[in-house]
Structure formats: C-alpha cells, structure tokens
Amino acid sequence: MSKMSLKPMSEIIKEKFAALLHDPPNKPFIFSLNAFNEEKRISHVKVAKTLISHLDFLGKNELDEISSKIYSKKEKGCNSKVSDADSLASKFDRYLTTLIYQERGRKQQAMFANFKEIVMKNFLAPELEVNLSAIPSDAYHDPSGKDIKEFFNYLSEVFKKLGLTGVSIETYNVFYFFYEFLWVAKGYTVGPADTRVPTHSIFDHLYATASIINWFLGSTDLLLGLDIVGVADYINKSRKLRDLWASSYLVSALIWYVLISFVEKFGADSVLFPSLRFNPFFATYIYHKYLKNKEKDELIKEIVNYITTYIFNGDETYKKLGIPPYPIIPARATLILLGVKYVSRELGLKKSDISCIEKYVITRFNEGWGRLIDHLITYALSHTDNPFWALFNKVIEKESVKNAVKIPPVQLRVITLKKENEVSNYEEFDNRYRELVSNFKRKKLSKVSPHTQLSNYNYYIDSIGETKRGFEYCSICGVLPAMLILPKDENEYKKFVEEHTGKQFNDDQIEALKAILSPGEKLCPWCLIKRAIGVRPEFLRVLITSEDLRSFEEKDVFIPSVSHVAFYKKFEKLKEDNIINPDKENTISLWKYYETYPIEKRGLLRENPEEKGWKDVSPYYALVRADTDYLGDLLEGKVTPYLAGIIDSSFYGGERENESKVKNAITRYLRNAAKGLYQEVINDVLKEDINQAKELIKNAAVTAEIEINDNDIERIISDLKDFLNKNVDRDRLLLFPSWHVSISSMLNRILLKEIQLVNALGGFVVYAGGDDLLAILPVENALQFVENSRKIVAGIEDASSYKGFIKINNSYFSQLPLVGRSYILYFSHVKYPLQLALEESYNLLEEGKERVKYDKYKKDIVIFKYRNSVSFIPLSLIRPYEENNDNSIKRYLDNLGKSLELLRILYDAIRQKKLSKSLIYDALADTILKSRELESEILVKYLDYLVDKNKIDKSFSLSFVNYQDILKISIINGETSEPLTYNLFKALSIILGAEKIE
C-alpha cells in the first residue's frame, strides 16, 4: 500500500459503505429461514447486494462498486478489505468461529450453526438472553424479504428528499446516523451478528467493521486518544447551578468540536468512543445541518419525530435552542483513523507525521474556545442595553482581558499511536488500545493546573470595582484574581452598574441582573464567561453545529437555581392554588419540570423561591452523583467489574491474589458465550472432556449428513483448546472494536434513560457523559432515583421483560447487569455554598467507593450524606462470577437493590404515618444493634419487635425475616465496622432529616 498512490476520499467512502452494509440487518433470520427450507437456501451475501441495489440515491455505478467490495473470502481472487475488517471487528468469542473454519468446507461450517432458535445474549453476561424466535415479526418470516427491501427503499427516499445523492462524506455520515436508528424506530427487531455466538448485535458488528476498516486502508494505522485535564476541578468551581451546567456543557461542547472535525473529514465511524449511535449531539448536528429546513415534507417530519421520541425522550429543546439539552459527550474520546498520510492530506497539514496531527487537534480545541468567545464578545457589544451584557462588554473590552481569555480554562491532552505494519492478527486492536491507555496513565503522573496559564497576565490591574489590597480573588473559582468586583450593598449596586457601563437601567432590569450577578460577587474572566454561557447557552451552537450566530432569534432560557429544585414540593402544592401567573411565551426551560407545570402558572417557577419566605417546606436538595464502577478497566477487557472487591485494578499491576477466581470468571464467560452444539463442544473442551466433545461433533455430522474424518475433528478440537486456554490464561477478555462500540452505545442508552428518570422526578440534569451522571433532585425523590437508576443499568427496570436488556420499540439491547454503579446522595441546604457541596460530594464518592467494604466486596454502593451524618448502603450482595454456578446471576439480579427496597418500605411507612419516627431513634440508640452481637434469627425477631412497638397503623405488616440475608452484612470503613442494619436506619434518618421543615 505504501508504494501506491493515495486513494481519493470518495473511494475510501465506498469501502466504508461496503463495510456498513456487508451483512444484511436481518442476517440471522435469513439463516433461520434456511434451516427450515434447505432446498431453497438464501445467500446472505446475495441478500446484502440486493438490498444495496435499493439505495439508488447513491447512483448505479457507485452501488455496483460498493457491492463488488462485498464477497466471501472463499471466492477466487478475493482481496477484500471488507472481508479482512469483518473478521477483526467482532468480539473475540465470535472470532473463534472464524478460526475453526479455516480450510474447511461450507457443510462442515454449517454443522455448528444454530439457526432454529435465534437468541440474543447479553454482551457482558451471556447467561442472560432474549429468545428472538419467539417474537412475532413479519419482516423476518417473509422468505421474499419484501419488507426489508421496502425499508431500504424508504431509506433511499429519505436521502432524495434531503437532496443528498451520490457517494460523499455527507451521505455516508447521514446514512451512518440513520441506518440502525431508523431500523429500530420503524419497528424492526435487531438480531445477533452470529447465531453461534450471539453476544453482540448485527449493528454492533456492522458499525465495528466500518471502524476497523480504517486500519486496512493505509500503510500506517492510527489510534488517537483525547482527554481534558482537570475536568472535575473546573466543574466543581461553580457558585450557581447556572455555572455548574455551563461549565459541564462547555467541556462536552469543546470535545465535540474536535470530534466533529474528524467526522466531517473521515466519517462518523472514526469516533470509537463515545458512540455516535443514538447520540444526542450527533442527532442535533444532523437535524440542524440536513433536516431543519426540510421539515415541512411529511417524510422528513416523520424522521424528526422519531429523533425527538427515541433520542430526546420527547424533548424538543434541540430544535428550539439548537443544542442538545444535556451535556452527554464525556471529557475523553478515542478515534480510530486512516493512515498518517491520509489524515495529513485531508486535514491540510504540511507534514505527514503524528506531531502535526496532535498539533491540529490542540489547535482545533483552542479554536473552538476562541470561536465561542468571539461570538460572546460580538453579542455583548451589540446588546449594551442589557445590564449584564453591558458589564460583560466593559470587562472584556480591556486589552489585558482580551489577551487572557484567548486561553481556554481547561487543557486537552492528546496521545497518538502509529503502527507502520499492516494489521497482522486478531490481537492487534487489543495491543494498540492497551498501549494507548498506558501512555495516558504515564501522562497523568504530571499534572499542571490550567490556571497557571494565566500567571503572566496582569489583567487584574484593570479590574472594575473597589478593592483594598490591589486585587480580590474570584468568589467562584477562588484561584484567579477577580476582574469584576460587585458591591455588597444593594443600594450601591445600581449606581455601580450604571457608573461603569455609562447606561441608565430601570429597577426591573437591575433586579433581573441580580439574579445573574449577585451583589458582592467577584468574577475572574473565565468565571464571567462561564456565567455568560449560562445566560445565553444557544451560543454553544457554534461548537455543536458549527453555525455562525451573528444574528439569531433570541430566546428566554430558564436554568433553575438549587432553590427551585429544593422547593419542588411547594411548587407541586401551588398547582392546586387559584393563582394565575403566566411566563413569557418564548421561554425555553432546561428544567423539564417547567414543561409539566400548568401554562397559566409557569411564571411562579421563574421567581426566586428564597425570597418567598416559605416556612412549610424543607430548604434542602439532593446533589446526586453516579459513577459506573471500573469502566476504564472494562474498556481494557479486565474482569475487575465482574469481581469488584475480590480483586481491584492492582491485580493487573502485579498483585495476583485470587488469580484462580479471575480464570474461573473468564472460563464461565467463554462457556456461556456460544449457543447450541457449539456451546456444548466448548464446555466439554473447557472441562477437558475431549472424548465427549468428539462424540458430539460426530453425532452432529451424522445428523446433518456431513462427511467428516477424524483428522478434521482433531483439528477442530485442537484449535478450540489452544484458543480457549490462551484466553483463560491472559486474565482479561481480549479487545475487539465491537467491544468498545457495544459498551459505548450501552452507556448512551443508560444515560438517556437516566435523564428521562431525573426529569420525571422533578430534577435537573447537570451532566450525563460517558459513565458519569450529575443531577440535582428534590430530597423526597432522591431515593427513588437511585432505586430505578440501578435497575436501568442492570437491565431489570421492567420486571416483566428479559433480565439484562432494555427494550426500545421492538428491539432488545444489552445493558450492564454485572457492572456496579456507585452513587452519592448529598443533601445540602440552599444557603450552603454549592462549590463546597460539589467538592465534598465528589471526594466522598471517590474515596468511599474505594475505602468502604461490605464484607469482602466494595463499590456498587450508595452514600447518604446530611450535615455530619454519613451512611453506606450496598446495592449488590454477591459477585455472581465469583461462583462457578451459572444460576448465581439470577440470585444476584433478584437481590440487586434489596437493601434499598427495605429502606424504601420503612421510608414510605414513616411518611404515610404507618410507623412512628421513634423507630429510628430506638434503633440508632440501641448499642446492641450497633455492636452486631445478635445472631441473625434473634436480630430478625428484635427488629420485628421494634417495628411492632412503633406502629401507628396496626394493619401495617413487615417482617425482617425476608431480609435476613442482608442483616448479617457488615459495613467496614477503615478501622470501623457497623452492621448494615444500623446504616439502614442512619440512611433513613438522613433522608427524613433533610426533608424536615426548619
């Protein structure tokens, strides 16, 4: 390849189209039809080519070229890049099917096929599965495939309506977004990529193939990692909820601005993490660039309705404001790219080396920040009739400040890996990704605060406002000198604003300004910009959709304060009052509770609750953080998420304690990954029952009327044994692109469901990116959020559905049933500094999930914090992969959140006045209960006695015998140890204490 001239991007895009279309989306069901109709077998390759021919928006010649790139490796003279990418895209367990079929005939391959029962196994816990054969679907039981052809005709019609024709990077990116999304939205079922090892979906495989093909199209291969430095520190330095949202969103938007530049040059498949499938940022980009001006067309309107329904949960903010309502892009990303020469050519770089590529990424990141600042400055200059923008303009117009704010408040770390040789074996991606992670870990050892970048700028000498010591520190970040120093005296406030802006403002304007800039606040340039973004968040569009917003329709954007969320209960009561207080018609609220409020009363929500003097409601809110346990390890294929507490990340650093349990966990995964005869043979090989494995193969050959000799059987068994032993001994699950593609898309699904949950509970989502969630919730709804959120992650939210999966329309998708999720419910007073609550909650969660153990396990916990009281509640009671029993996963899921279930029963009983609060006082004052001296049976009777003693409603019934298995658990925090029972009553006391009216 290196000696050949570089292909034009149009040829590269054809390869990518071929990779995305090389298998038909109904492939497993085609095989199922073949199993019942062997005389008229259907070739899935021919079906793929037929379906491609229906995408006539691409042009006939282009379609022929794309089809020609898709054929079996068995065809004579095959040199297909798609076939090569196909074999390396899948998970390692499916790769085994390719390995054992080498140099064997088609009939011998079919012997292992599992066509008559199509199942989808959970990606991470293959014991859990969905029987797709039992799901009615005319699309799959029509041998003509007419319905599938109609879907491809539908796709083609959409592109024609959009005026997108021919092969181009634009048509490819839009197709990449639409393909799976519309398949699901139109009600089709998503099947597995392979019926023999059905652990990932056909779309996981197709999208992974499109990504890995980048490594077959150049003489060098690139893996690019991005990571923003100091994100938590930057976000935590927020004084108002508006600041917190703005700083969180800015991080997402800046990363996105870098990612979209690669998407526009190389295709959406280049972004490996975060997934762009069902991604709100990509959906917003697609809508504003291609759909917005065509929405009058009924077909395009239908597409937009699907986007609103399945990606935004019915929320149209992305249309009205031009940005997704939530920052869902994480602060780190991974890109898989073409060779250096291709990348350098398309980016217009002068030299073809990785240092220039890294420099481009940093420049693009800084350019995004600069672009945002330029738009804010231009807007402020033309809106000095508004007191906030008049002050903003007065600060920013200073030359010293202009120079300082050219530097972003966060820094981007970039690492690029290049390999000269061609992709040689199935371990290539695994080796490359682990090397990337290792390089990041080394870079993180050296930390430089972004604030040091401003050390050479003495902008504070031009500060506006009085100071007695030369400068004042910013009251938001507490690190940089303030540029704007507002007077504390409210009587001086208006005079200060008018004096420094040279403008006259009425009292209403000044009162509105006080809601944005409080008297006595001191802001450095970075924090003033953060505040400005919160005032006009639509300017983030310049990073998300790359629009030029020199002029646009202004909206009144409402971001609540923590007080609004804290007084949720009061607002609920006001719904019943005979009050008329409408809001402005053009208001767009980022607090979705606003949209559920009666239209004629929405003005109530815009007032400052703290000024109302309400005494009949608690002034506390719940700051909620959620973090997926060991996600980084999971992305490396480590099994720490499966055995949290039994091993941790140090196991892979040299400490080999519990190595046998690690091997058992991998063995268990392998023996459950396959289905049918293939699974039986693998199990026998793992048990070293070779004779039984051979017998199974012989019997299957006889049943299938296949000729197979002893040498063939020996080779199959030998290949299986070598591969299985090698993977058990490596102590990790081998990485393939589909591993990352699947996990990343799972995280998108989880966060979208959690966002929907927060909104339904009257909360406000601050950040939902990667595996992290930060939200503000009413105290009384916080417990319900954690209960339901943990079920969403595990895929058990719907008790009537398949465990480990989430159902979207007629399709089932894997969730993360074995991966823990740790939470903190930090109950804070509205007057308590938000910055301190953020920092303490962050530190408590980070330290608590590492330090606190329940018996021998750790992580997967909830931390409750109120004033000086802290409680720790475990969410899971066992680690199912610790045991060599496949049924243990059912016990694990059945008991997941059982401690919260008991807490909920007690909490509801007290709130409904069925139990007296004195139950809590009796339990917490009991030294015997705290000392763990009682045996389980006696403890159950004693707790039942306490409940009976404190009953208000004598009909209330609760027996602790149903919770006997959790009562014996100990919570170990450093040197102290307390029974779980004691922590349950502490948590109950914490929640009710935060609800108490002061």
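Because the structure is predicted, anything quoted here is derived from the model rather than measured.

A. Structural detail: the nonpolar core. Residues Phe178, Tyr179, Leu226, Phe827 and Phe864 are the most contacted members of the largest nonpolar core, which totals 363 residues. Residue contributions to this core peak at 18 residues, all from helix α13 (residues 241-266). Excluding anything up to four places from it in sequence, Leu226 contacts Ile255, Val258, Leu259, Ala331, Arg332, Ala333, Leu335, Val361, Leu412, Arg413, Val414 and Phe440.

B. Structural detail: the pattern of salt bridges. With the rule as written, the count across this model stands at 76 salt bridges. The residue Lys726 makes a salt bridge to Glu427 at a minimum N-O spacing of 3.0 Å. Residue Lys726 is found in helix α34 (residues 710-729), and its partner Glu427 is found in the loop between β6 (411-419) and α21 (428-444); the two are separated by 299 residues along the sequence. Residue Glu427 is classed as buried on the basis of its relative accessible area, which comes to 15%. Between Lys803 and Asp894 there is a salt bridge; the shortest N-O distance is 3.6 Å. Here Lys803, found in the loop between α36 (779-794) and β14 (805-808), pairs with Asp894, found in helix α38 (residues 888-895); they are 91 residues apart in sequence, far enough to count as distant.

C. View of the side chain of Glu538. Looking at the secondary structure, you find Glu538 in the loop between α24 (525-535) and α25 (541-544). Polar contacts involving the side chain of Glu538 include one to the side chain of Arg536, which spans 3.0 Å.

D. Quick peek at the sheet that holds strand β12 (residues 764-769). One open sheet holds the six strands; their spatial order is β12-β13-β11-β16-β19-β20, and the pairing between them is mixed. Two strands lie at the open edges of the sheet, namely β12 and β20 (869-874), each paired on one side alone. In this sheet, neighbouring strand axes are inclined to one another by 15° on average, regardless of whether the strands run parallel or antiparallel. With five bridges joining them, β12 and strand β13 (residues 772-778) adopt antiparallel strand pairing. Bridged to Phe764 within β13 is Ile776.

E. Structural detail: the sheet that holds strand β4 (residues 271-273). With antiparallel pairing, four strands are arranged side by side in an open sheet as β4-β5-β3-β6. A strand with exactly one partner marks an edge of an open sheet, and here the two such strands are β4 and β6. On average, adjacent strands in this sheet sit at an angle of 25° to one another, irrespective of strand direction. As defined by bridge partners, β4 adjoins strand β5 (residues 332-337) across two bridges and the pair is classed as antiparallel. Directly across from Phe273, in β5, lies its bridge partner Thr334.

F. Summary view of α24. By the criterion of burial, α24 is predominantly enclosed, with 11 of the 11 residues buried. Regarding α24, the residues found buried are Pro525, Trp526, Cys527, Leu528, Ile529, Lys530, Arg531, Ala532, Ile533, Gly534 and Val535.

G. Examining the environment of Asp385 more closely. Along the chain, Asp385 turns up in the loop between α18 (354-381) and α19 (387-396). Put simply, Asp385 and Lys569 are 184 residues apart on the chain and 37 Å apart in space, counted from C-alpha to C-alpha. Apart from residues no more than four positions distant in its own chain, Asp385 is found in contact with Phe505 and Gln509.

H. The domain arrangement of the protein, seen in detail. As far as domains go, the protein holds domain 1 (8-214), domain 2 (560-565 + 607-650 + 734-896), domain 3 (674-732) and domain 4 (900-992). Just the C-alpha atoms count here: the centres of domain 2 and domain 4 sit 23 Å apart. With 25 residues of domain 2 in contact, the opposing surface of domain 4 contributes 21 residues. The junction of domain 2 with domain 4 conceals about 2000 Å² of combined surface from both sides, 64% of it contributed by carbon and sulfur atoms. On the domain 2 side of the interface with domain 4, the three residues burying the most area are Leu783, Asp855 and Ile873, jointly 25% of the side's total. Linking domain 2 to domain 4 there are one salt bridge. Between Arg904 and Glu787 there is a salt bridge, and its shortest N-O distance comes to 2.9 Å. At the junction of domain 2 with domain 4, the criterion picks out seven residue pairs in polar contact (both at pLDDT 80 or more). Those elements that provide at least two residues to the side of domain 2 that touches domain 4 are α36, β17 (852-854), β19 (861-866) and β20. Split by residue class, the side of domain 2 that touches domain 4 holds 15 nonpolar, four polar and six charged.

I. Broad picture of the UniProt feature "domain: Cas10/Cmr2 second palm" (unreviewed entry) in the protein. In this numbering, the UniProt entry assigns the feature "domain: Cas10/Cmr2 second palm" (unreviewed entry) to residues 737-853. For residues 737-853, the helix share is 50%, the strand share is 27%, and the end-to-end C-alpha distance is 34 Å.

J. View of the confidence of the model for the protein. Chain-level pLDDT for the protein is 88 on average; 93% of the residues reach the 70-or-more range. For residues 72-77, every residue scores under 50 in pLDDT, and the model assigns this stretch nine contacts once sequence neighbours within four places are set aside. Here residues 138-144 is a poorly scored stretch, pLDDT under 50, and it has 17 contacts once near neighbours within four places are set aside; other chains count.

K. Spatial organisation of the pairing of β14. Sheet analysis places β14 next to strand β15 (residues 811-814), joined by four bridges and oriented antiparallel. Residue pairing in the sheet places Lys807 in a bridge with Tyr812 of β15. Between β14 and β15, which pair antiparallel in sequence order, lie two residues; one of them, Asn809, sits at a positive phi of approximately 55°.

L. Molecular detail of the UniProt feature "transmembrane region" (unreviewed entry) in the protein. According to UniProt, the positions carrying the feature "transmembrane region" (unreviewed entry) are residues 244-263. Annotated as 100% helix and 0% strand, the span residues 244-263 places its first and last C-alpha atoms 29 Å apart.

M. Representation of the packing of aromatic side chains. Enumeration according to the criterion identifies 54 aromatic pairs in this entry. Ring centres of Phe17 and Tyr172 lie 5.3 Å apart, and the angle between their planes is 85°; this geometry places the pair in the edge-to-face category. Of the two residues, Phe17 sits in helix α1 (residues 9-21) while Tyr172 sits in helix α10 (residues 169-185), which places them 155 residues apart along the sequence. Each member of the pair, Phe17 as well as Tyr172, is classed as buried. For the ring pair Phe558 and Trp591, a centre distance of 6.4 Å and an interplane angle of 65° mean the geometry is edge-to-face. Placement of Phe558 in strand β9 (residues 556-558) and of Trp591 in the loop between β10 (587-589) and α28 (593-596) is noted, with a sequence separation of 33 residues between them. Residue placement shows Lys186 over the ring face of Tyr154; its charged tip is 4.1 Å from the ring centre. One Lys or Arg, Lys530, reaches over the ring of Tyr234 and ends 4.5 Å from the middle of that ring.

N. Structural detail: unusual backbone geometry. Cis geometry is adopted by the peptide bond preceding Pro274, which originates at Phe273 and carries an omega value of 5°. Mapping Pro274 onto the fold places it in the loop between β4 and α14 (280-291). Despite not being glycine, Asp731 shows a phi value in the positive range, around 65°. As for its placement among the helices and strands, Asp731 is situated in the loop between α34 and α35 (737-760). Although it is not a glycine, Asp860 sits at a positive phi angle of roughly 55°. Examined against the element boundaries, Asp860 turns out to sit in the loop between β18 (857-858) and β19. Relative accessible area serves as the criterion here: at 2%, Asp860 is assigned to the buried category.

Scoring rules and cut-offs
- Residues numbered from 1 in each chain as written.
- Predicted model: local features only at pLDDT ≥ 70, side-chain atom pairs only at ≥ 80, totals over all residues.
- Heavy atoms only, no water.
- Core = buried A, V, L, I, M, F, W, Y, C linked by side-chain atoms within 4.5 Å.
- Buried < 20%, exposed > 50% of the residue type's maximum accessible area, 1.4 Å probe, protein only.
- Helix = DSSP H or I, 4+ residues; strand = E, 2+ residues; numbered from the N terminus.
- Contact = heavy atoms within 4.5 Å.
- Salt bridge = Lys/Arg side-chain N within 4 Å of Asp/Glu carboxyl O.
- Polar contact = N/O pair within 3.5 Å; in protein donor to acceptor, adjacent residues only side chain to side chain.
- Pairing = 2+ DSSP bridges.
- Axes fitted to C-alpha atoms, helices over the stretch in contact; angles between N-to-C directions.
- Domains from an automatic or database assignment.
- Buried area = accessible area lost by both parts, 1.4 Å probe.
- Nonpolar A, V, L, I, M, F, W, Y, C, P; charged D, E, K, R; others polar.
- UniProt positions renumbered as here; feature names shortened; annotations may be inferred.
- pLDDT = per-residue confidence, 0-100.
- Phe/Tyr/Trp six-rings, centres within 6.5 Å; stacked < 30°, edge-to-face > 60°.
- Lys NZ or Arg CZ within 6 Å of the ring centre and 35° of its normal.

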